[in-house]
Amino acid sequence: MLFRTIKNTTTTLTVVAICLVCAAVLVSSVEEYEKLYLESTRGDLEGLSENLANDLVSLITTEPDTFEVTATLLRLDRYENVKYAVVYDSHWQRLNMYFGPLFTPSASEINIDLDRLKLSPLGVRVKDGELIALKLVGDARLPLGYLLIVNDAVGPLNKSKLTLLKRVLPLVLLVLFVAIVGSLLIQRQLFLPLSRLSRFAQKIQETHDYSLRINIDGKQEVTELSRDINSMMETINSETQKNINYTDQLKEQQKAMERLANFDGLTGLPNRQFFMETLRLELAKAKRDERNLVLMYFDLDGFKGVNDAFGHEVGDLLLMEVCRRTKSILRDGDLISRLGGDEFLILLHNEPNELELFEIAERLVNGLNVPFAIQTWEVQIGVSIGIARASDSNFNVSEFISNADIAMYRSKMAGRSTHTVFVPDMMEDNKRRLLIANSISNAIKHNEFSIHYQGKVSADEVIVGYEALIRWNSESMGVVSPAEFIPIAEQSGKILSITKWVIKKVCQELDQLLAIHPGEIVVSINLSAHDIKNTLLIDYIRTMFVRYNVQTSHIEFEVTESAYLENFDVANEFLKQIRDMGCSIALDDFGAGYSSLGYLTQIHLNTLKIDKQFVDNLNVSKRSTLVTKTIIEMAKQLNLQICAEGVETREQADFLIANGCHQLQGYLFAKPMSLLELLKR
Ligand code: C2E
Ligand code: CA
Ligand code: CA
């Protein structure tokens, strides 16, 4: 503890050294004093004993006068250190003895060993703490006697030493004190730069201010050290600055990476990952607080068409505009995210009531329906919205999103540009949809599909062709209608394999059909919107025709109006190639969806199939009757064949024939039948 710091160590050593020096000085001066003291008492005793011995000469010459001797000896009373004195005659017979007033004799002390005394030298000597003076009385040639004086040497010496110490010690202590304080002050002065350095270091520690510098003054070592420390601080400061810049840079990079990881590059909206994370947290919170959450899934209608027709640049700009417009329609606090492509998710903040929800959805549908001005184009799209409530999915993230997706799909099915709120019943439908989608591949493998042929008749009611309609007798689900599984196959990307299967089957069975009808009959095959985007399908068709030796004039392809219009250019190119092969083309379900007729002049068509709903309404609605008449008239002018679908009554047939319809198809003439049934007839 004491030696932990340099300062303490040197201070302690200095104090100890000073004390030692003082003690040594004290001891040696006491010793010196002792010597001087003894010397002087010895001199005194020398003189005293000499005087007494001289005075005794006359007293013990002849007849010793005891009284006189005693009186003489009593002169020793003045000398308090004299223990005792003895006067002997020349034969060492004791004549008289004197005891000092302060001396109480003990037997051993008075028992003087005369033999030894006789041999002792004359004069004064020190022995056993006593000063002993032995003097000859009279002349050496004629000794009269001897005088012995024993003086106490130790007692007085000690007393005298004590007095000396008493007088000297305060002085010594004062010197000691002054020396210690002085040395402490000097050390403090010497260590001041070190303390300053330590305070400096502490300050840096507290403030983290590396631009601080220490004063350079003082002794050489200190100035050198200070200079070195300052240059070290310089280095630290510049390194710290570099570090700060580097850290700032890292932070920037981190932010940029976060942006990349959590936000969509095109629209700047939160991306799927960020949205999912937020949704998960919000769902947990809502569940805890017993609140509901509302999610909107929306998908643009016809976005692909925009991309195909105007290019991706316009597509991207459109997405940005959609994002901007959607934000302006929604409320603050609603979280919009782009899932990818043209799909968006919106988490509405605070559960809106039924009416508010309806209004928000309407605003979105109508708002996004207004054409967008992009570059020089006016682009129109729609939006299909699915809405789900968290309570219907038990606050489970993926179920929640899936429910909104199911509702959105409903909106698409219901003819687009609309919104649908999820209800649990839809879940069952969805399960069946999934089951159907997942069963298609196996159904092809296990030969569960077959084809029924529905006859088409001419105006004089002779069979002129058949429409190939697929049938599915599923082992697990029983008979599944194409009206149900074809849209699902289209949605799940399975339609191409079905189409290929139908084409192959028709090619295989064509010869047998032709055998029943020796005339020029045509078999129609239905194509879906997805098929006509796939140019590889043309190669497949060509291969099948070659393989089964099919004469192309016997084959017609039916394409729905909506499929055609969704991908106008692609469809046109596809169908042109089909026609170049020698097949004919029919526009299916005409009038069911779109009602623009302008494009009819621009496409490669042979036949227009009037949708069943017009036929149903003949003689029911005047307007429908009028429209049907107009369609037939217009088709004739365009040199197109006209086929009416779903003819069920005689009246319908008569009306259509009377108005110049070329072909009729419907239960009135023939129901779809298997090849086997047809062969039996
Ligand atoms: P579509 O192409 O419009 O086929 C005509 C549908 O009307 C057929 O239904 C047919 O059975 C039915 N139909 C014909 N005459 C009458 C009638 O007088 N009254 C009534 N109520 N219905 C009549 P189906 O076979 O159920 O097919 C439904 C839809 O499934 C078809 O409509 C077509 O879009 C699609 N489809 C059928 N087979 C195929 C196929 O092989 N490939 C593709 N891509 N689609 C197919
Ligand atoms: Ca058809
Ligand atoms: Ca049809």
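Numbers given for residues are sequential positions, taken from 1 along each chain in its written order. Naming scheme: in the order in which they are written, chains are lettered from A and ligands are numbered from 1. Where local features are concerned, this predicted model is filtered to residues with pLDDT of at least 70; where side-chain atom pairs are given and counted, the filter is 80 or more; whole-chain, interface and lining totals use all residues. Water and hydrogen atoms play no part in the side-chain values, which are based on all heavy atoms of the structure.

> So what's going on with the overall build of the protein chain? Which residues, and what values?
By the criteria applied, helices consist of DSSP H or I runs no shorter than four residues and strands consist of E runs no shorter than two, each listed in order from the N terminus. The number of helices and strands found in the protein chain is 21 helices and 22 strands. All radius of gyration figures rest on C-alpha atoms, and the globule criterion is 2.2 Å times the number of residues raised to 0.38. For 681 residues, the compact-globule formula gives about 26 Å, and the C-alpha radius of gyration of the protein chain, at 67 Å, lies well above that figure. Expressed along its principal axes, the backbone C-alpha trace of the protein chain runs to roughly 210 × 55 × 55 Å. Relative accessibility thresholds used throughout: buried, under 20% of the residue-type maximum; exposed, over 50%; partly exposed, between the two (1.4 Å probe, protein chains only). Out of the 681 residues in the protein chain, the part that is buried amounts to 42%. When contacts within the protein chain are restricted to residue pairs at least 6 apart in sequence, long-range pairs at least 24 apart make up 63% of them. Here the open area of atoms and residues is found with the Shrake-Rupley method and a 1.4 Å probe, where only the protein chains shown may cover a residue. About 37,200 Å² of surface is accessible on the protein chain, with carbon and sulfur atoms providing 55% of the total. Averaged over its 71 positive side-chain charges, the protein chain has a centre that lies 2 Å from the centre of its 88 negative ones. Should any heavy atoms of two residues lie within 4.5 Å, those residues are counted as being in contact. Counting rule applied: Lys, Arg positive; Asp, Glu negative; His and chain ends not counted. Charge positions come from single atoms, namely NZ of Lys, CZ of Arg, CG of Asp or CD of Glu.

> Please give an account of the site of ligand 1 that cites residues and values.
Every one of the 19 residues lining ligand 1 counts as a neighbour, but Q454, R471, D588, E648 and Y667 are closest to it. Here a polar contact is recorded for every N or O atom pair within 3.5 Å, except that within protein the pair must consist of a potential hydrogen donor and a potential acceptor, and residues adjacent in sequence are included only if both atoms are side-chain atoms. At 3.2 Å from an oxygen atom of ligand 1 is found a side-chain nitrogen or oxygen belonging to N526. D589 places a polar side-chain atom, nitrogen or oxygen, 3.4 Å from an oxygen atom of ligand 1. For ligand 1, whose accessible area on its own is 790 Å², the fraction buried by protein is 82%. The set of elements that each furnish at least two residues to the shell around ligand 1 consists of β14 (463–474), α13 (482–491) and β18 (584–590). With four residues, the single largest contributor to the shell around ligand 1 is β14. Proximity is defined per residue: if any heavy atom of the residue lies within 4 Å of a molecule or strand, that residue is considered near it.

> So what's going on with the coordination of the calcium ion (ligand 3)? Residues and values would help.
The donor set comprises N, O and S atoms within 2.8 Å of the metal, extended to 3.2 Å for Na, K and Ca; water molecules are omitted, so apparent gaps in a site may simply reflect that omission. Within the protein, D588 (OD), D589 (OD), E645 (OE) and E645 (OE) serve as the donor atoms for the calcium ion (ligand 3), at 2.1 to 2.5 Å. Mapped onto the sequence, the residues coordinating the calcium ion (ligand 3) show the spacing D-D-x55-E. Between the calcium ion (ligand 3) and the calcium ion (ligand 2), a spacing of 3.9 Å is present, and a bridge between the two is formed by D588. You can see D588 sitting in strand β18 and its partner E645 sitting in the loop between β20 (641–644) and α20 (650–658), a full 57 residues away along the chain. Each member of the pair D588 and E645 is classed as buried.

> Which residues make up the coordination of the calcium ion (ligand 2), and what values go with them?
Geometrically, a metal with four donors at the corners of a regular tetrahedron has ideal angles of 109.5 degrees, and one with six donors at the corners of a regular octahedron has ideal angles of 90 or 180 degrees. Of the protein atoms, only E467 (OE), N526 (OD1), E558 (OE) and D588 (OD) coordinate the calcium ion (ligand 2), at distances of 2.1 to 2.3 Å. Each donor residue of the calcium ion (ligand 2) lies on one chain, and together they are spaced E-x58-N-x31-E-x29-D. Judged by relative accessible area, which is 4%, E467 ranks as buried. Overall, N526 belongs to the partly exposed group, its relative accessible area being 27%.

> Describe the packing of aromatic side chains, listing the residues and the values that go with them.
The pairing test for Phe, Tyr and Trp rings, Trp by its six-membered ring, is centres within 6.5 Å, and the orientation test on the planes gives stacked under 30 degrees, edge-to-face over 60, and tilted for anything in between. What the rule picks out here adds up to 13 aromatic pairs. Seen in terms of ring centroids, W92 and Y146 are 3.9 Å apart; in terms of plane orientation they differ by 10°. Their pairing is stacked. Taken together, the residues span a long stretch of sequence, with W92 in the loop between β1 (82–89) and β2 (94–99) and Y146 in strand β5 (residues 143–152) at a distance of 54 residues. Where Y564 meets F568, the ring centres are 5.8 Å apart and the plane angle is 55°; that geometry is what we call tilted. Since its relative accessible area comes to 21%, F568 is described here as partly exposed. Linked through ring pairs, F449, W472, F485 and W501 together constitute an aromatic cluster. Criterion for a charge above a ring: Lys NZ or Arg CZ within 6 Å of the ring centre, and within 35 degrees of the ring normal. The lysine or arginine in question, K671, covers the ring of Y667, its NZ or CZ lying 4.8 Å from the ring centre.

> I'd love a proper account of the packing of helix α9 (residues 312–329) against helix α10 (residues 354–369), names of residues and values included.
With their axes 10 Å apart at the nearest point, α9 and α10 run at an angle of 145° to one another. For the element pair α9 and α10, the recorded crossing hand is right-handed. Contact residues: α9 offers V322, R325, T326 and I329, while α10 offers R363, L364, G367 and L368. Amino acids outside the nonpolar list (Ala, Val, Leu, Ile, Met, Phe, Trp, Tyr, Cys, Pro) and the charged list (Asp, Glu, Lys, Arg) are all regarded as polar, and Gly is one of them. Its residues assigned to classes, the contact of α9 with α10 shows four nonpolar, two polar and two charged. Only the stretch in contact is used when fitting a helix axis, every axis being a line fitted to C-alpha atoms; angles between N-to-C directions are given from 0 to 180 degrees. Crossing handedness is read from the near helix: turned anticlockwise from the far helix by less than a right angle, it gives a left-handed crossing, and turned clockwise, a right-handed one.

> Break down the pairing of strand β17 (residues 555–560) for me, with residues and values.
Taken across its six residues, β17 has five buried, putting it largely inside the fold. Pairing between two strands requires that DSSP report at least two bridges joining them. For strand β16 (residues 522–527) and β17, the ladder comprises five bridges, and the chain directions are parallel. Directly across from V523, in β17, lies its bridge partner I555. Handedness of a crossover: with both strands directed away from the viewer, a clockwise path from the first strand across the helix to the second marks it as right-handed. Handedness of the β-α-β unit built from β16, helix α15 (residues 536–547) and β17 comes out right-handed.

> How would you explain the pattern of salt bridges if you had to name every residue and give the values?
What counts as a salt bridge is simple: a side-chain nitrogen of Lys or Arg found within 4 Å of a carboxyl oxygen of Asp or Glu. Enumeration over the complete set of coordinates arrives at 31 salt bridges. One salt bridge connects E46 with K135, and the closest N-O pair in it is separated by 2.5 Å. With a gap of 89 residues between them, E46 in helix α1 (residues 6–59) and K135 in strand β4 (residues 130–138) connect regions that are remote in the sequence. D139 is the partner of R141 in a salt bridge, and the nearest nitrogen-oxygen pair spans 2.9 Å. Taking relative accessible area as the criterion, R141 reaches 75% and is therefore assigned exposed.

> Lay out the sheet that holds strand β8 (residues 343–348) in plain terms, naming residues and giving numbers.
Ordered in space as β7-β8-β6-β11-β12, the five strands form an open sheet in which the pairing is mixed. With one partner strand each, in any of the chains shown, β7 (335–340) and β12 (419–421) form the two edges of the open sheet. Neighbour-to-neighbour, the strand axes of this sheet turn through a mean angle of 20°, independent of strand direction. Taken together, the six bridges between strand β6 (residues 294–301) and β8 define a ladder with antiparallel strand orientation. Pairing of F298 across the sheet is with F344, part of β8. Its contacts with the sheet place α9 against β6, β7 and β8, and it is angled at close to 145° to β6.

> How would you summarise the domain arrangement of the protein chain if you had to cite specific residues and measurements?
Domain delimitation in this document rests on an assignment produced automatically or drawn from a domain database. Per the domain assignment, the segments of the protein chain are domain 1 (6–161), domain 2 (218–260), domain 3 (272–423) and domain 4 (435–680). Between domain 2 and domain 3, the C-alpha centre-to-centre distance is 51 Å.

> Please provide a residue-by-residue account of the nonpolar core, values included.
The term nonpolar core refers to a set of buried residues drawn from Ala, Val, Leu, Ile, Met, Phe, Trp, Tyr and Cys, joined through side-chain atoms within 4.5 Å. Counting 81 residues, the largest nonpolar core has Y453 and F557 as the members making the most contacts within it. Broken down by element, this core gets its largest block of residues, ten residues, from helix α14 (residues 495–516). In this structure, V314, L348, I374 and V379 belong to the second largest nonpolar core, which totals 31 residues.

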